[in-house]
There are 4 protein chains.
Amino acid sequence: MSVTEDAPRYLGAEGKEKLNNRLKRIEGQVRGLRRMVDEEAYCIDVLTQIGSAVSAMEKVGVFLLKDHVEHCIRGSIEHGGEDADEKIEELTATVERFLRV
Amino acid sequence: MSVTEDAPRYLGAEGKEKLNNRLKRIEGQVRGLRRMVDEEAYCIDVLTQIGSAVSAMEKVGVFLLKDHVEHCIRGSIEHGGEDADEKIEELTATVERFLRV
Amino acid sequence: MSVTEDAPRYLGAEGKEKLNNRLKRIEGQVRGLRRMVDEEAYCIDVLTQIGSAVSAMEKVGVFLLKDHVEHCIRGSIEHGGEDADEKIEELTATVERFLRV
Amino acid sequence: MSVTEDAPRYLGAEGKEKLNNRLKRIEGQVRGLRRMVDEEAYCIDVLTQIGSAVSAMEKVGVFLLKDHVEHCIRGSIEHGGEDADEKIEELTATVERFLRV
């Protein structure tokens, strides 16, 4: 069963804009990487830029994770918690996939 | 002192195209993430997509790392290795920064 | 202010034993690593073993994280949630530190 | 074919002692983790300690990686490089496994 449909809505206008700005910046970083490769920038400089884009992406992940716990998980527990077990299971499976352990 | 200027040239036409294609795909993934957030996709699905983009990015990093060892490091050792120590130091510093240890 | 004192108790006898067994195995892996270095095992084999110990350790981390959300976070939300905000903040800060972003 | 047998010897007495000391400290950290769990330390404190042991382990990994490039890879390239391709392939496969990408 998917838990998507009835998931409490998230982020809010401010959060969405913040996230959108961060993702736009990451998109720019990736475009910059293509240019660097095209112009044959020094590998180490490209690798440094990749590391920075990966960090920025993982920060976005943590931002979303926090919002998810604050809204979806918290909401689910507050409203009786019938699907709270399932949501917590889903959360840790996601963190596991994220850490690739 | 920068070791950039005289670094042996890298990748070749085929490698550059492969890398460019991979980065284009990642750029698309990040753009897709913006759309997902805009359409309020379920956080867990967004997180899964972020994890996938991070993996793809790190794969590009390893691809570049390999090319760097095969060309820059190897070339530097073969041609007398005057700057080989420096290049190896630089390589491990980059891996360290990449692993953020 | 520390949130330690009144934290709901965790794990249970079964969880504690499971965790203890996993940590004992990791301790053995690290001891094995010392032996490998002592016997001058091939670096790549040592690196593989390190990667395996790191994975095992991160799995223990996710196990604890799950238990923490299931008990501490959930309990805090169920019991009125006065310190829930603080606990969620603390949780994401920990995940951030864990991912080192 | 294994590349182990004829691998140039590594680390040296000083490097081996340094590595042994670091691994002993990590072994102590893991033992400390078992004690923390036994005494029901706060999950977040245990997680922080796990993160620190993981970092220490990855630092050992980078230390070994550097030694491997400096000795095995470099030696292999300097001595004609017949197995250099194989060794570089092996190195990047190891980094890939380490990053789990």
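Everything discussed here concerns the structure shown above.
Residues numbered from 1 in each chain as written. Chains lettered and ligands numbered in written order. Predicted model: local features only at pLDDT ≥ 70, side-chain atom pairs only at ≥ 80, totals over all residues. Heavy atoms only, no water.

Draft legend 1. Just the overall build of chain A, in detail. Broken down by element type, chain A carries three helices and zero strands. Ordered by position in the sequence, the α and β elements of chain A form the string α-α-α. Rg of the C-alpha trace for chain A: 18 Å, well past the compact-globule value of 13 Å for 101 residues, more than 25% over. If one aligns the C-alpha atoms of chain A with their principal axes, the spans along those axes are about 55 × 35 × 20 Å. Of all 101 residues assigned to chain A, the portion counted as buried reaches 53%. Once local pairs closer than 6 in sequence are excluded, the contacts in chain A between residues at least 24 apart make up 56%. Summed over all atoms, the accessible surface of chain A reaches about 4,600 Å², with 46% contributed by carbon and sulfur. Placing the 15 positive and 20 negative side-chain charges of chain A at their respective mean positions leaves the two points 7 Å apart. (Helix = DSSP H or I, 4+ residues; strand = E, 2+ residues; numbered from the N terminus. Rg over C-alpha atoms; globule rule 2.2 N^0.38 Å. Buried < 20%, exposed > 50% of the residue type's maximum accessible area, 1.4 Å probe, protein only. Contact = heavy atoms within 4.5 Å. Areas by Shrake-Rupley, 256 points an atom, 1.4 Å probe, with all protein chains shown as cover. Lys, Arg positive; Asp, Glu negative; His and termini not counted. Charge placed at Lys NZ, Arg CZ, Asp CG, Glu CD.)

Draft legend 2. Just helix α1 (residues 12–38) of chain D, in detail. Here α1 of chain D is 27 residues long and its end C-alpha atoms lie 39 Å apart, about the 39 Å a rise of 1.5 Å per residue gives. Buried within α1 of chain D are the following residues: Gly15, Lys16, Leu19, Leu23, Ile26, Glu27, Gln29, Val30, Gly32, Leu33 and Val37 of chain D. Check the buried side of α1 of chain D and you find it contacts α1 (12–38) and α2 (43–78) of chain C together with α2 (43–78) of chain D. Positive phi shows up at Glu40 of chain D, right after α1 of chain D, with a value of about 55 degrees. (Expected span 1.5 Å × (residues − 1).)

Draft legend 3. Region of the structure containing the packing of helix α1 (residues 12–38) of chain A against helix α1 (residues 12–38) of chain B. In contact at an axis separation of 9 Å, α1 of chain A and α1 of chain B are set at 170 degrees when each is read in the N-to-C sense. What the angle tells us is that α1 of chain A and α1 of chain B run roughly antiparallel. Looking at side-chain class alone, the contact of α1 of chain A with α1 of chain B contains twelve nonpolar, two polar and twelve charged residues. (Axes fitted to C-alpha atoms, helices over the stretch in contact; angles between N-to-C directions. Parallel < 35°, antiparallel > 145°, perpendicular 65-115°, else oblique. Nonpolar A, V, L, I, M, F, W, Y, C, P; charged D, E, K, R; others polar.)

Draft legend 4. A look at the relation of the copies chain D and chain C. Superposition record for chain D on chain C: RMSD 0.0 Å, screw rotation 180 degrees, translation along axis 0.0 Å. What we have between these two chains is a two-fold relation. In this assembly, 100% of the residues forming the interface of chain D have copies in chain C that are likewise at the interface, indicating an isologous arrangement. (Least-squares fit on C-alpha atoms with pLDDT ≥ 70 in both.)

Draft legend 5. Looking closely at the nonpolar core. Core analysis: the largest hydrophobic core is formed by 125 residues, its most contacted members being Ile50 of chain A, Ile50 of chain B, Ile50 of chain C together with Ile50 of chain D. Aside from chain neighbours lying at most four places away, what touches Ile50 of chain A is Leu33 of chain A together with Met57, Val60, Gly61, Leu64 and Phe98 of chain B. (Core = buried A, V, L, I, M, F, W, Y, C linked by side-chain atoms within 4.5 Å.)

Draft legend 6. Quick look at the interface of chain D and chain C. Between chain D and chain C, the residue contacts involve 49 residues of the former and 49 residues of the latter. Both sides of the chain D and chain C interface together cover about 4,500 Å² of buried area, and 66% of this is carbon and sulfur. Run the count over chain D and chain C and you get eight salt bridges. At the boundary of chain D and chain C, one finds 20 residue pairs in polar contact (both at pLDDT 80 or more). When contributions to the side of chain D that touches chain C are tallied by element, the ones reaching two or more residues are α1, α2 and α3 (84–99) of chain D. The element that contributes the greatest number of residues to the side of chain D that touches chain C is α2 of chain D, accounting for 19 residues. Per-class residue counts for the side of chain D that touches chain C are 27 nonpolar, eight polar and 14 charged. (Buried area = accessible area lost by both parts, 1.4 Å probe. Salt bridge = Lys/Arg side-chain N within 4 Å of Asp/Glu carboxyl O. Polar contact = N/O pair within 3.5 Å; in protein donor to acceptor, adjacent residues only side chain to side chain.)

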